[in-house]
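# Reading the structure
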Amino acid sequence: MSRFMSERFAGLHAYTPGEQPQDMQYVKLNTNESPYPPSPEVLERLNVAEIEKLQLYPDPEGWALRRKLAALYNVGAENIFLSNGSDEILNFAFLAFCDETHGVLFPDISYGFYPVYAALYGITAKQMPLRADFTIDPQPYCRDEGMVVIANPNAPTGLELPQEEIARIAASNPNHVVILDEAYIDFGGTSCVELIKQYENLLVVQTFSKSRSMAGARLGFAIASKGLIQDLNQIKYSTNPYNINRLTLAAGEAAVDSQAYYTQNCAKIMETRERVTAQLRKMGFTVLASVANFIMIRADWISGAALYRGLKEKGVLVRHFDKERIRDYVRVTIGTDAQMDVFLEKTAELREEAKARAKQ
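Here, residues in each chain are numbered from 1, in the same order as that chain's written sequence. In keeping with the model being predicted, local features are shown solely for residues with a pLDDT of at least 70 and side-chain atom pairs are shown and tallied solely at 80 or more, while totals for entire chains, interfaces and linings include all residues. The basis for the side-chain values is all heavy atoms of the structure; hydrogens and waters are excluded.

A pair of strands is treated as paired once DSSP finds two or more bridges between them. Under the DSSP-based scheme used, a helix requires at least four consecutive residues in state H or I and a strand at least two consecutive residues in state E, with every element numbered from the N terminus. Reading across the sheet, the 7 strands line up as 2-8-7-6-5-3-4 and stay open at both edges, with mixed pairing between neighbours. Two strands in the sheet have a free side with no partner beyond their single neighbour: strand 2 (80-83) and strand 4 (125-128). Between one strand axis and the next, the sheet turns through 20° on average, direction left out of account. Of the strands in this sheet, strand 2, strand 3 (103-107), strand 5 (146-151), strand 6 (178-181), strand 7 (202-207) and strand 8 (220-223) touch helix 5 (residues 86-97), which is tilted by about 155° from strand 7. Axis definition: a line fitted to C-alpha atoms, limited for helices to the stretch in contact. Angles are taken between N-to-C directions and run from 0 to 180 degrees. For this analysis, residues touch if any pair of their heavy atoms sits within 4.5 Å.

Structure follows, in structure tokens:
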């Protein structure tokens, strides 16, 4: 850090992205990317004709994509906000709906960017403990004292809070925004998009990064009341009006047009997730009941850190979080069946090596 850095940010603990290694080829199961490529329609749309338009600014409103998303989710185009990845929406929301008198509440084990944004903007944050079984207790969020942010399904647990509990939280916070981060909703969860028609304070955030195989394109969207969308646009137009490039907008339109392709991929991922979960439990692992494209696992015979290191040495990357309550776990993205077979094989090897050491 240079001597020019503002003291305000000198002690900031930034978000740590998942590893993107360059040293060797891995079975990469650490960043919750889709193992399947974008749809053929997306690849066809990103052609020379589109690239030749790059001298022109993109539509700052993204109307074509917003209309397609509105039709897909049965809302109005005025209820859609587009962003450079869903993280940008979260960033804007912390700016728009929090200040020195309006803090934020979120789970103590959840997406790592929430505390970073709170610290970045000097917002008082209350982190509510998950229950012993890692589920979210809705009661602490029903107090109308600050913006609420809940990832549903939660990350890194993959567990879901029922829709009726989300509705209760939204109803209990009439003077504050409730953000529902649905990045992983398409892998077996129940979306709360319909609830925005009942609760003007509910902001549902989704992304093209996971189920739509576009993590590298950086495209997210929010669905909310017209007023909340206008609030987000005020922040956007005060920072970067052209926040989504032309090619990403075109790819997004093609992705929505090929929804059936992505629905099929999600079904394959869910089927693989259940198969791998069953096999891991037979091997003695505790596996949380995920409805996301990842699973959280632990075993008594190996620590989370050792499992992470052992798999990495064998060419498989998973994610380990060195936080007190979950350091015995690792998070494993669900890949293709072939990738998961390698993961299971290497995990079994580690188990046999541990047994051999125990006999010595």
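More follows now that the structure is in view.
Moving on: the layout of surface pockets. Space inside and on the surface of the protein is sampled on a 1 Å grid over the protein atoms alone, with a cavity defined as a set of points where a 1.4 Å probe fits but cannot get out and a pocket as an open set with protein on both sides within 12 Å along at least 5 of 7 lines; lining residues have an atom within 4 Å of a point. Grid points are joined across faces, edges and corners, and a volume is the space filled by probe spheres set on the points. Taken as a whole, the second largest pocket encloses approximately 170 Å³ of empty space. Asp59, Arg246, Leu249, Ala250 and Glu253 are the residues nearest the centre of the second largest pocket, which is lined by 13 residues in total. Secondary-structure elements contributing two or more residues to the lining of the second largest pocket are helix 4 (63-73) and helix 9 (246-257). When residues in the lining of the second largest pocket are grouped by element, the largest group, 4 residues, is from helix 9. Each residue is assigned to one of three groups, with Ala, Val, Leu, Ile, Met, Phe, Trp, Tyr, Cys and Pro labelled nonpolar, Asp, Glu, Lys and Arg labelled charged, and all others, Gly among them, labelled polar. Among the residues making up the lining of the second largest pocket, the classes are represented as 6 nonpolar, 1 polar and 6 charged.

Whenever Lys or Arg places a side-chain nitrogen within 4 Å of a carboxyl oxygen from Asp or Glu, that contact is recorded as a salt bridge. Following the criterion strictly, the structure yields 21 salt bridges and no others. Ionic pairing is found between Lys126 and Glu145, a salt bridge with its closest N-O pair at 2.7 Å. You can see Lys126 sitting in strand 4 and its partner Glu145 sitting in the loop between strand 4 and strand 5, a full 19 residues away along the chain. Across the pair Asp300 and Arg298 runs a salt bridge, and its minimum N-O distance is 3.2 Å. A simple rule labels every residue: compare its accessible area, found with a 1.4 Å probe on the protein chains alone, to the largest value its type can have, and call it buried under 20%, exposed over 50%, or partly exposed in between. Using a relative accessible area of 22% as the deciding quantity, one classes Arg298 as partly exposed. Among the charged side chains, a network of salt bridges with common partners joins Arg45, Glu50, Lys53 and Glu253.

Over the atoms rolls a probe the size of a water molecule, and in doing so it shows where empty space is left. Counted by the stated rule, this structure contains 1 cavity of 30 Å³ or more. Considered as a void within the structure, the largest cavity measures approximately 90 Å³ in volume. Around the largest cavity, the lining is made up of 16 residues, and of these Pro60, Glu61, Gly62, Leu82 and Lys236 lie nearest the centre. Mapped by element, the contributors of at least two residues to the lining of the largest cavity are strand 2 and helix 8 (226-236). Residues of the lining of the largest cavity, tallied by class, amount to 9 nonpolar, 3 polar and 4 charged.

Further remarks concern the sheet that holds strand 9 (residues 286-287). Strands in a sheet are paired, the pairing made by backbone hydrogen bonds, and the direction either parallel or antiparallel. Strand order in the open sheet formed by 3 strands is 9-10-12, with antiparallel pairing between adjacent strands. The outermost strands of the open sheet, each flanked by one partner alone, are strand 9 and strand 12 (330-333). Of the pairings in the sheet, the one linking strand 10 (residues 294-298) to strand 12 comprises 4 bridges and is antiparallel in character. Its bridge partner being in strand 12, Ile297 is matched across the sheet by Val330.

Moving on: the nonpolar core. Nonpolar core, defined: a set of buried Ala, Val, Leu, Ile, Met, Phe, Trp, Tyr and Cys residues in which side-chain atoms within 4.5 Å join the residues together. The biggest cluster of nonpolar side chains holds 51 residues, and the ones touching the most others in it are Leu69, Leu202 and Phe208. Only helix 4, strand 2, strand 5, helix 7 (163-171), strand 6, strand 7, strand 8 and helix 9 provide two or more residues apiece to this core. The element that contributes the greatest number of residues to this core is helix 9, accounting for 5 residues. Excluding residues within four positions of it along the chain, Leu69 makes contact with Ile80, Leu82, Phe208, Phe221 and Val256. Grouped together as the second largest cluster of nonpolar side chains are 32 residues, Val27, Phe187, Val316 and Val318 included.

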